[in-house]
Amino acid sequence: MRKLIVGNWKMNGLTSDLDEIAAIAKLSATFASVDSGLCLPATLIAQAVWKSPGFSIGGQDCHMSDSGAHTGCISASMLSDAGAVMTIIGHSERRGDQHESDFDIRGKAEAARRAGLKVILCVGESADQREAGVAELAVLAQLDGSLPDDCNGDWLSIAYEPIWAIGTGRIPTMEEVAAIHLAIRNDLARRFGDAGQGIHILYGGSMNGDNAADLLAVPNVDGGLIGGASLTAAKFEPILVAAAASAAE
Ligand code: PGA
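Note that this is a predicted model, so its numbers are computed, not measured.

Trainee: I'm lost on the site of the ligand in this one. Help?
Mentor: Neighbouring the ligand are 13 residues; K10, H91, E161, G167 and S206 lie closest to it. At a separation of 2.7 Å, an oxygen atom of the ligand approaches a polar side-chain atom of H91. Between the ligand and the protein, one listed contact pairs an oxygen atom with a backbone N or O atom of S206 at 2.8 Å. Relative to its unbound accessible area of 280 Å², the ligand is 94% covered by the protein chains. Residues that form the shell around the ligand fall into these classes: four nonpolar, seven polar and two charged.

Written out as structure tokens, the structure is:
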């Protein structure tokens, strides 16, 4: 499977960063064996698409309705209209800060699909759950509650992001990553058959140039969702290098 490397800019980025986004797009285009993109604040999507045509730009959330009386919210069709081709759904920062439930996330994923967007659906355990030995159970329960009924059409990816690894510089052991990714793969295959085998399962949480090669070599790690290390071309480059090297193996 081709590796998919997606940056998540979170609540970072002003128009003064459009040149950096263009630099990341230009850099990414030099890695022909790797699929890549950036999920940006909604305010930057249209300008980024205009400045870097052909580079995959995405959003970080969408509403579960296509339009209506939802002040401050953004629909999937608005993202698509701005030029986005994908969106993150169910990031743990939204599950936490905005109290999004699995039910909400499933509705948002379906709305994004209706608008023709690819979806990166995030799951991941808390530090307490990891500590208590129920990380796998927690992740499978999130999948159970938030996965749409069918995934035909190559629109869905899953991102496994242990909450305690996000922005902390701490990552699970490669064995722990392998175990969760295998559990997710088995769950997807059980639900969706062959289509489930083809769904990208990304790892996210403090992935950077130093650990990307090891993480991307773990079975069923089909790419990465990268926060801090996606904010500059200089930090993003070694991750793309690692992904291209693993594609060449
Ligand atoms: P991080 O964020 O790479 O800064 O840990 C990853 C994410 O939250 O998607």
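Once you've had a look at it, read on.
Trainee: Sorry, what's going on with the pairing of strand β8 (residues 223–226) here?
Mentor: Neither face of β8 is exposed, since G223 and L225 on one face and G224 and I226 on the opposite face are all buried. Both strand β1 (residues 4–8) and β8 contribute to a ladder of four bridges, which runs parallel. Bridge pairing in β8 links I5 to G224.

Trainee: Sorry, what's going on with the environment of D194 here?
Mentor: Note on placement: D194 falls in helix α9 (residues 194–197). D194 gets classed as exposed once you look at its relative accessible area, which sits at 71%.

Basis of the calculations
- Residues numbered from 1 in each chain as written.
- Predicted model: local features only at pLDDT ≥ 70, side-chain atom pairs only at ≥ 80, totals over all residues.
- Heavy atoms only, no water.
- Near = heavy atom within 4 Å.
- Polar contact = N/O pair within 3.5 Å; in protein donor to acceptor, adjacent residues only side chain to side chain.
- Areas by Shrake-Rupley, 256 points an atom, 1.4 Å probe, with all protein chains shown as cover.
- Nonpolar A, V, L, I, M, F, W, Y, C, P; charged D, E, K, R; others polar.
- Buried < 20%, exposed > 50% of the residue type's maximum accessible area, 1.4 Å probe, protein only.
- Helix = DSSP H or I, 4+ residues; strand = E, 2+ residues; numbered from the N terminus.
- Pairing = 2+ DSSP bridges.

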